[in-house]
Amino acid sequence: PGPMETVSLASLPSDLLTQIVRRLAVVDVAAVDCAAGCFHCPAPGQASSAVEQALLARNPTVRAAYAAAPPSSWTQFLLWYEWFDRYCVHQPISAGATHNAFVRADGRLLTCGVEVGDDVIMGRERRSPGALGQGNNVVIMPGPTLVPGCTVRFVSVSVGEGHTLALAESGEVFSCGSDLHGQLGHGSLDEGAAHALYEARCSNELKARIAEAHLSYEERLEMLAGELADATLARFLCSWLSPLQGRHGMGAFAPGETAPHQAVYTPRRIEALADVRATAVAAGGTSSLILLLNGEVHSCGGVLLHGWQRRQGAPWLGHGATCERQALPKRIEALVAAGVRGRGVSAGQKHSLVIGADGDLWSFGYPDARLGRGFIEEDVYEDGIPSPQRYEELSGVGLVQGLSGQQVASACSAGQDHSLVLCADGTCWSFGVTCPMGADGSLLWGVGRLGLGATPNDDPGLSYGFSPPGPPRA
């Protein structure tokens, strides 16, 4: 063409359009796909558009991997895949209480460990049934072993106390292990069936006895088994009646025994999330967090508390202090109300952490120093008595103090009683509870986990440690 002539994009060869798109950033690819028909629509004689061809050229393994079940929109899927692969931090290894999980370079899932507690080795009692994902008859796996039956490619894995979450590169979430508290997200704890069985098979005398607050899980289980003459049903009912018994209630059945509504022995896709795409998963003690591509955070699971705390719910789910169990993933509305779009999540034993898109850190869970919000457990009490009102007020979703406006969080990890935060400037912050040392020095088990030296500390705010000199402690 001459110096005054113009050339329309539609007149350019499709191969040239493809090469133009290949050099664009993923956000710009999405923009041109929406703005120009020559990029969005296939050229005459072509099976796919310039955008699809360019994205496939940048990710040549994708089409082969998903040819058997193509998505409804290849362009949307390829854009998401590229964004996910480039900008999401994958977690290919995870260590739990008694088992580990790994994602191999080819996307295969491996596990090792045991599904029994350290007091019941040799399989006398199964504490975390199905956590290995190796099937109902496998209790101990000495070395990393491929999980059978998994045909999808995984990118991240997270291990809780008795369950395992795995994130596929397609954005689907799979789970296996103990589902006693609903932490697998399958909605498999049948409340209606448990209630009907309880009403039909248990006498009024037994109901009165098992309702006594001081009874242990084992005592209730023994009474139910004696009346029902069925150990499996007794365990199912006891789990429904006593969701607050912690590890005592986590799948207490022997190898080979099937307990209804309590365990999944091989990874199963969470169907409630089938229409959305996840970018991260986090398994806690008896809870699960799922971060979606749109920044929403969903959670499921239930309580794991003892003593007076049984009267409270599971605030680490983010659905309020009175929520005791959430068997299906549910969006945390408090984060939505606060305008938080997550880009990182971590689930601990009794608290959860969420990193917002702006780098702010949010916490919710059992109200003490582990939340990093300037209060300790004693603040829950009124006149020496635990206050449900204070518990609900302090355990909800809130901004971690000392970081907001000063530091940008890039990674976080929630432990049993403390938290770690890695900031964009390379500094690492810690906050949480350490056990105070007694007169005889016998309570040193909590010392050191904050990384602040050998002095026992219960800091209600943020504690800065094991980093170069930085901002003062909050």
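Residues numbered from 1 in each chain as written. Predicted model: local features only at pLDDT ≥ 70, side-chain atom pairs only at ≥ 80, totals over all residues. Heavy atoms only, no water.

### Notes on helix α4 (residues 50-58)
Item 1. For α4, the tally of buried residues reaches seven of nine residues, placing the bulk of the element in the interior.
Item 2. Buried residues of α4: A50, V51, E52, A54, L55, L56 and R58, and no others. (Buried < 20%, exposed > 50% of the residue type's maximum accessible area, 1.4 Å probe, protein only. Helix = DSSP H or I, 4+ residues; strand = E, 2+ residues; numbered from the N terminus.)

### Considerations on the sheet that holds strand β4 (residues 140-146)
Picture the strands of a sheet paired through backbone hydrogen bonds; they go either parallel or antiparallel.
Item 1. The four strands lie next to each other as β1-β2-β3-β4, forming an open sheet whose pairing is antiparallel. Two strands in the sheet have a free side with no partner beyond their single neighbour: β1 (93-95) and β4. Across this sheet, the average inter-strand angle for adjacent strands is 5°, counted without regard to direction.
Item 2. Bridging between strand β2 (residues 99-103) and strand β3 (residues 109-114) involves five bridges; their strand directions are antiparallel. The partner of H99 across the bridge, within β3, is G113. (Pairing = 2+ DSSP bridges. Axes fitted to C-alpha atoms, helices over the stretch in contact; angles between N-to-C directions.)

### Structural notes on the sheet that holds strand β10 (residues 287-292)
Item 1. As summarised here, the arrangement of the four strands in space is β9-β10-β11-β12, forming an open sheet in which the pairing is antiparallel. Strands at the two margins of the open sheet, each flanked by one partner only, are β9 (278-283) and β12 (325-331). Averaged over all pairs of adjacent strands, the angle between strand axes in this sheet comes to 10°, irrespective of strand direction.
Item 2. With five bridges connecting them, β9 and β10 associate as antiparallel partners. In the strand pairing of β10, A283 is matched with S288.

### What to know about the packing of aromatic side chains
Item 1. Inspection of the entire model under this criterion finds two aromatic pairs.
Item 2. Between F154 and F174 the ring centres are 5.5 Å apart and the planes differ by 85°, which places this aromatic pair in the edge-to-face class. One end of the pair, F154, is in strand β5 (residues 154-159); the other, F174, is in strand β7 (residues 173-178), and 20 residues separate them in sequence. Across the pair, exposure class does not vary: F154 and F174 are buried alike. (Phe/Tyr/Trp six-rings, centres within 6.5 Å; stacked < 30°, edge-to-face > 60°.)

### As for the environment of T322
Item 1. Note on placement: T322 falls in the loop between β11 (297-302) and β12.
Item 2. Assessed through its relative accessible area of 64%, T322 is described here as exposed.
Item 3. In sequence terms T322 and Y391 are 69 residues apart; their C-alpha atoms lie 9.8 Å from each other.

### So, the pattern of salt bridges
Item 1. Scanning the model with the defined rule gives nine salt bridges in all.
Item 2. Close ionic contact of E169 with R153 constitutes a salt bridge, the shortest N to O distance being 3.1 Å. Placement of E169 in the loop between β6 (163-168) and β7 and of R153 in the loop between β4 and β5 is noted, with a sequence separation of 16 residues between them.
Item 3. Note that R331 is salt-bridged to E296, the shortest N-O span being 3.0 Å. Taken together, the residues R331 in strand β12 and E296 in the loop between β10 and β11 connect sequence positions 35 residues apart.
Item 4. With relative accessibility at 30%, the residue R331 sits in the partly exposed group.
Item 5. Among the charged side chains, a network of salt bridges with common partners joins E172, R269 and E271. (Salt bridge = Lys/Arg side-chain N within 4 Å of Asp/Glu carboxyl O.)

### Considering the nonpolar core
Item 1. Judged by nonpolar contacts, the single largest core of 13 residues is most densely connected at L289, V297, I332, L335, V345 and V354.
Item 2. Contributions of two or more residues to this core are made by β9, β10, β13 (342-347) and β15 (361-365).
Item 3. Setting aside residues up to four positions removed in sequence, I332 forms contacts with L289, V297, S299, L317, G318, H319, F364 and V397. (Core = buried A, V, L, I, M, F, W, Y, C linked by side-chain atoms within 4.5 Å. Contact = heavy atoms within 4.5 Å.)

### Regarding the side chain of E115
Item 1. The residue E115 is located in the loop between β3 and β4 in this model.
Item 2. Residue classification places E115 among the buried positions, given a relative accessible area of 0%.
Item 3. Among the polar contacts made by the side chain of E115, one reaches the main-chain amide nitrogen of L132 at a distance of 3.1 Å. (Polar contact = N/O pair within 3.5 Å; in protein donor to acceptor, adjacent residues only side chain to side chain.)

Remember, this is a structural readout, not a statement about activity or role.
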